[in-house]
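# Architecture at a glance
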Amino acid sequence: MAASTGAADAAASDSTGPASSVPNMSSPTIQYSMVLEHLIGEKRPIKDLSPGVMGGLPVPPKSDEQKMIERGMESCAFKSVLACVGGFVLGGAFGVFTAGIDTNVGFDPKDPLRTPTAREVLKDMGQRGMSYAKNFAIVGAMFSCTECIIESHRGKSDWKNAVYSGCVTGGAIGFRAGLKAGVLGCGGFAAFSAAIEYYLR
Amino acid sequence: ILKVRGEAAAGICVRNRGSEERRGLRSEAGAEQHGDGDMDPMKAQQLAAELEVEMMADMYNRMTNACHRKCVPPHYKEAELTKGESVCLDRCVAKYLDLHERLGRKLTELSVQDEEMMRKAAICLKVSPAENC
């Protein structure tokens, strides 16, 4: 930084040098302001900026459609939709699985030893699966959305994004049952997110 | 912020001086001048066109280095740029170009003031050489 300010000072003194020494009229001087106007001022030409022109590796320019598609795929909305769908599928599978393990269906108080019919079991599995699926979908969408927003705001990608968005999601879910439950939810989900991030990174 | 400003300033100032000295453009430009020190506009434009390629290449290199250092931490877990990094790069490039433009405008102002001062001093000396101008 000292070197660059030194260079800037040298450049400034170079242009003021002729003024202080006042040379005879025959010594030529470049009129910097005119050159600068063409370089970086009002009269500069409109250039097509591409890495090939400016010293990088020449890359074929992307079409507008391609840019739009890529921008869409990177956007927060797309990511949260993806997480929602993924959560739905995962939740459905999880619900069906737990329904198979933890059966409480078809219990008839008059006849405790009756085995439930296949229709009852399937109906129970379907209901449980759907309920779990919806919950997972909502949680997944919220987490993904908040994480993407926080990451866009911070401009960095590290483990803290997941922790912050875990706190927000847990807090939002728990807040419906009161403030204390909200705080607990925030802490719990943030810790869970931190553990997952630690494992992934 | 200071480092980026310093680099942008250096990119404009040092580059112009360096390439002029290398090509000996002073005498080349001086040949076309009128008596009062005004440069031929065509010559100014040609000079600017020659310098521009170098200037853009230099600015691109510096900008790439600066933004890479600022936005992409050296922990490469995957090949693609993450969302945070690409957002950071967008902001970095926008700031760098804004800086470049403002500094360029300021530099043009200063060199115009400089030339006015030079002109007045030259006229003053021409009129009365004995007097201190």
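Residue numbers here run from 1 along each chain, matching the order of that chain's written sequence. Chains carry letters from A onward and ligands carry numbers from 1 onward, assigned in written order. With pLDDT at 70 or above as the cut-off, local features in this predicted model cover only qualifying residues; side-chain atom pairs require 80 or more to be listed or tallied, and sums for whole chains, interfaces and linings still use all residues. For the side-chain quantities, the full set of heavy atoms in the structure was used; hydrogens and water were omitted.

Convention followed: UniProt positions are given in the numbering used here, feature names are shortened, and annotations may be inferred rather than shown by experiment.
For chain B, an unreviewed UniProt entry supplies the name Mitochondrial import inner membrane translocase subunit and the organism Gambusia affinis. Quoted straight from UniProt, the Sequence similarities (unreviewed entry) entry for chain B says "Belongs to the small Tim family." Recorded in UniProt under Subunit (unreviewed entry), the annotation for chain B is "Heterohexamer."

Chain A carries the name Mitochondrial import inner membrane translocase subunit TIM22 in an unreviewed UniProt entry, which gives Gambusia affinis as its organism. Note on chain A: under the UniProt heading Subunit (unreviewed entry), the record states "Component of the TIM22 complex." The UniProt entry for chain A carries the following text under Subcellular location (unreviewed entry): "Mitochondrion inner membrane".

### Things to note about the UniProt feature "domain: Tim10-like" (unreviewed entry) in chain B
We count it as follows: Secondary structure follows DSSP: runs of H or I at least 4 residues long count as helices, runs of E at least 2 residues long count as strands, and numbering of each begins at the N terminus.
The sites that UniProt annotates as "domain: Tim10-like" (unreviewed entry) are residues 45-108 of chain B. Split by type, residues 45-108 of chain B is 83% helix and 0% strand. Its first and last C-alpha atoms lie 15 Å apart.

### A few points about helix α7 (residues 159-175) of chain A
Spacing of three or four residues puts side chains on the same side of an α-helix, whose turn is 3.6 residues. Residues and elements named next belong to chain A. The condition is simple: Given the number of residues in a helix, its expected span is that number minus one, multiplied by 1.5 Å. Only protein chains enter the accessibility calculation, which uses a 1.4 Å probe. A residue is then buried if its area is under 20% of the maximum for its type, exposed if over 50%, and partly exposed in between. Two residues form a contact once any of their heavy atoms are found within 4.5 Å.
With 17 residues, α7 ought to run about 24 Å at 1.5 Å a step, and its terminal C-alpha atoms sit 24 Å apart, in line with that. The complete set of buried residues in α7 reads N161, A162, V163, S165, G166, T169, G170, G171 and G174. On its buried face, α7 sits against α6 (118-154) and α8 (179-200).

### Section: the side chain of A:T169
Residue and element names in this part refer to chain A. Heads up, the rule is: Pairs of N or O atoms are called polar contacts if they sit within 3.5 Å, as long as, within protein, a hydrogen donor faces a hydrogen acceptor (for residues adjacent in sequence, only side-chain-to-side-chain pairs).
Summarising the element assignment, T169 is placed in helix α7. Within the structure, the side chain of T169 is placed 2.7 Å from the backbone oxygen of S165, a separation counted as a polar contact. Those residues in contact with T169 that sit more than four places away from it in its chain are V139, M142, F143 and T146.

### Details of the pattern of salt bridges
All names here are of chain A. Defined as follows: In the sections that follow, a salt bridge refers to a side-chain nitrogen of Lys or Arg positioned within 4 Å of a carboxyl oxygen of Asp or Glu.
On inspection of all chains with the given rule, the structure shows seven salt bridges over all chains. R154 is the partner of D158 in a salt bridge, and the nearest nitrogen-oxygen pair spans 2.8 Å. Taking relative accessible area as the criterion, D158 reaches 22% and is therefore assigned partly exposed. One salt bridge connects R201 with E197, and the closest N-O pair in it is separated by 2.7 Å.

### Some points on the domain arrangement of chain A
Residues and elements named next belong to chain A. Quick note on the threshold: Each domain's extent is set by a domain assignment, obtained either automatically or from a database. Here the buried area means the combined drop in accessible surface, using a 1.4 Å probe, for two parts upon being joined, counting both sides. Asp, Glu, Lys and Arg are counted as charged, while Ala, Val, Leu, Ile, Met, Phe, Trp, Tyr, Cys and Pro are counted as nonpolar; the rest, among them Gly, fall into the polar class.
The domains assigned to chain A are domain 1 (73-103 + 115-156) and domain 2 (158-200). A C-alpha centroid distance of 17 Å is found between domain 1 and domain 2. Of the residues lining the interface, nine residues belong to domain 1; the matching set on domain 2 comes to 14 residues. When the two sides are added together, the surface that domain 1 and domain 2 hide from each other amounts to roughly 940 Å², 68% of it contributed by carbon and sulfur. At the junction of domain 1 with domain 2, the criterion picks out one salt bridge. Put simply, domain 1 and domain 2 have three residue pairs in polar contact (both at pLDDT 80 or more) between them. Considered class by class, the residues forming the side of domain 1 that touches domain 2 number four nonpolar, one polar and four charged.

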